[in-house]
Amino acid sequence: MKHAKLQEINFDGIVGPSHNYAGLSLGNLAATSHAGDISHPRAAALQGLAKMRANMALGLQQGFLLPLPRPNEGFLAGLGLTQDDAVEPENRPLVAAAWSASAMWTANAATVSPAPDTADGRCHLTPANLVTMPHRAQEWRDTKAQLAIAFADEAAFALHDAVPPFFGDEGAANHMRFCADHSASGVEVFVFGRPGGAFPARQSLQASRAVARLHGLAPERTVFIEQNPFAIAAGAFHNDVVSVANGRVLFTHEEAFADREGAYEAIRVAFPELQVVEVPSSEVSLAEAIATYLFNAQLVSLPDGNMALVVPMESWNSTAVRGFLDRMMSGDGPIGGVIPVDVTQSMANGGGPACLRLRVVADPATVDPRFLLDEAKADTIASVIEVHWPESIEPAQIGSAELAGKVVTARAALLEKLDLDQLA
Ligand code: SUG
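## Describing helix α7 (residues 205-214)
By the burial criterion, the buried members of α7 are Ala207, Ser208, Ala210, Val211 and Ala212. Check the buried side of α7 and you find it contacts β3 (110-113), β4 (123-127), β7 (187-192) and β8 (222-226).

## Some thoughts on the environment of proline 364
By the element assignment, proline 364 lies in the loop between β15 (357-362) and α14 (375-388). Sequence separation between proline 364 and asparagine 91 is 273 residues; the distance between their C-alpha atoms is 44 Å. Ignoring any residue separated from it by four or fewer positions in sequence, one finds proline 364 in contact with Lys5, Gln7, Ile9, Gln61 and Leu372.

## Quick notes on the layout of surface pockets
Reported here for the largest pocket is a volume of approximately 520 Å³. If you go around the largest pocket, you meet 24 residues; those closest to its centre are His182, Val300, Ser301, Leu302 and Pro303. Broken down by secondary-structure element, the contributors of at least two residues to the lining of the largest pocket are β1 (7-13) and β12 (298-301). Tallying contributions element by element places β1 first for the lining of the largest pocket, with 3 residues. Its residues assigned to classes, the lining of the largest pocket shows 10 nonpolar, 11 polar and 3 charged.

## As for the site of the ligand
Near the ligand you find 21 residues, and of these Leu24, Ser25, His135, Arg202 and Asp240 are the closest. Between the ligand and the protein, one listed contact pairs an oxygen atom with a side-chain N or O atom of serine 25 at 2.8 Å. Within the side chain of histidine 135, a nitrogen or oxygen atom sits 2.6 Å from an oxygen atom of the ligand. Coverage of the ligand by the protein amounts to 99% of the 490 Å² it exposes when considered alone. Among the detected pockets, the ligand sits in the second largest cavity. Grouping the amino acids of the shell around the ligand by side-chain chemistry returns 8 nonpolar, 10 polar and 3 charged.

## Some remarks on empty space enclosed by the protein
Counted by the stated rule, this structure contains 7 cavities of 30 Å³ or more. In this structure, the largest cavity occupies an estimated 330 Å³ of space. Lining the largest cavity are 25 residues, with Ala172, His175, Met176, Arg177 and Arg359 positioned closest to its centre. Elements that contribute at least two residues to the lining of the largest cavity include exactly β6 (175-178), β9 (243-246) and β15. Partitioning the lining of the largest cavity into residue classes produces 14 nonpolar, 6 polar and 5 charged.

## Some words on the sheet that holds β4
With mixed pairing, 3 strands are arranged side by side in an open sheet as β3-β4-β5. On the outer flanks of this sheet lie β3 and β5 (157-159), each paired with one strand and no other. Ignoring which end each strand starts from, the neighbouring axes of this sheet average 15° apart. Bridge analysis of β3 against β4 gives 4 bridges, and the strand direction is antiparallel. Residue pairing in the sheet places alanine 110 in a bridge with proline 127 of β4. Running over the sheet, helix α6 (residues 140-150) touches β3, β4 and β5 and is turned about 160° from β5.

## Considerations on the nonpolar core
Among the nonpolar cores identified, the biggest contains 75 residues, and Phe11 and Leu66 are the most heavily contacted of them. What leucine 66 contacts, discounting residues up to four positions off in sequence, is Ile14, Gln146, Phe371, Leu414, Leu415, Leu418, Leu420 and Leu423. Val244, Val311, Trp316 and Phe324 belong to the second largest nonpolar core, which has 21 residues in total.

Reading guide: rules and limits
Starting from 1, residues in each chain are numbered consecutively following that chain's sequence as written. Owing to the predicted nature of the model, reporting of local features is limited to residues with pLDDT of at least 70; listing and counting of side-chain atom pairs is limited to 80 or more, with chain, interface and lining totals taken over all residues. With hydrogens and water set aside, each side-chain value is computed from the structure's full complement of heavy atoms. Only protein chains enter the accessibility calculation, which uses a 1.4 Å probe; a residue whose area is less than 20% of its type maximum is buried, one above 50% is exposed, and one in between is partly exposed. The helix and strand labels rest on DSSP assignments: H or I over at least four residues marks a helix, E over at least two residues marks a strand, and numbering proceeds from the N terminus. Here, two residues are considered to be in contact whenever any of their heavy atoms come within 4.5 Å of each other. With a 1 Å grid laid over protein atoms only, a set of points is called a cavity when a 1.4 Å probe fits there but cannot get out and a pocket when it is open yet has protein on both sides within 12 Å along at least five of seven lines; lining residues have an atom within 4 Å of a point. Grid points are joined across faces, edges and corners, and a volume is the space filled by probe spheres set on the points. In the scheme used here, Gly and all other residues not listed as nonpolar or charged are polar, with Ala, Val, Leu, Ile, Met, Phe, Trp, Tyr, Cys and Pro taken as nonpolar and Asp, Glu, Lys and Arg as charged. In these notes, residues near a molecule or strand are those with any non-hydrogen atom within 4 Å of it. Think of a polar contact as two N or O atoms within 3.5 Å of one another; within protein, one of them needs to be a possible hydrogen donor and the other a possible acceptor, and neighboring residues in sequence only count if both atoms come from side chains. Only the protein chains shown count as cover for residues, and all accessible areas are computed by the Shrake-Rupley method using a 1.4 Å probe. The rule for placing a molecule in a cavity or pocket is simple: more than half of its atoms must lie within 2 Å of the grid points. Strand pairing follows a simple DSSP-based rule, namely that at least 2 bridges must link the two strands. Lines fitted to C-alpha atoms define the axes, with helix axes restricted to the stretch in contact, and inter-axis angles between N-to-C directions lie between 0 and 180 degrees. Residue types Ala, Val, Leu, Ile, Met, Phe, Trp, Tyr and Cys, when buried and joined through side-chain atoms within 4.5 Å, form a set referred to as a nonpolar core.

Now the structure itself:
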């Protein structure tokens, strides 16, 4: 069945005013290697907004989600802590967690199954419980509150609770969808990790299975694939660090999956039209792919029918990756264009262009228009960021009452301008 008005809308997370580098995510090499750096929240948020504008200029539908309330005093109170406890080195990461702007990476906000894939013909969304990392485990209820407003139309959307916390779920970052076009029925692929390696496996098979059941996906159009444990150990803490899918295309590193041939075959059984664009380790090593976030790209279908890859500058500037991309563009494969974007502030915390967006296939008319972007609204958002977002945050400022006040005021100003005070 084809739903004529359905389109892919990318909902990017607006980078919050408390964006900082606290090194909270074990196994996320960019984040841990930048721990203690000075962050630049204003530049970070403007970079994110520039990416959204660039995608709109390509003719793509763009939405956004808002920063969550930070610092999260309730999170600290639940641990018997206050902001002043940041002076104790052992408490500093917990206080920093309460300040984390990590909700900017909306690929981890939820898993989304578009209406053509589900038993009841609605688009299903399950917020990710993100239980593996304490600073991320605090996100889902506030994220759900926001999704409940953006996708309030119950004829079009079904919003679930997060899956129970004993099974780690990291949302769309470990989920891929294959389809002839976005409005056609698709095959959904869930990629999970097995625990036991040097770094946490953040997506559990049981959580993926639960999401598939809750969304009413047809078993013959649902595939579960194990992530390569070596990729997790090398820093691919989410599958979207080593693979991305769009339409009929899987763009993947050779070492993304535990059983490479078995993975492609399992997808092909459910989706025979699959086209795999595989990057061999001999051309781009796993380490280089992870360092440059080549696969944390947005693989987008342009209005003219061609596909383009929106990559971070870090990929574009790598000799090995650029060599691959140049060959790919001059070849006759399905990905014809590459568009570099600058999201370096987010990249330093392990979040590339694809981490910053949640894909929702929906009729835009069914989405609360306050969450949809156009140029005028982008100007409004930019003006709030320019006035209220801190220029920089030093690690020693985490826990400061003065900075906390600024962060709270900044978010409130944005909510007011967007007529979304109900999220205050
Ligand atoms: O969960 N970084 C995020 C990056 C998420 C990237 N998302 C996807 N791959 N889809 C994470 O590890 C760093 C925060 C800090 O260390 O302060 C952080 O949470």
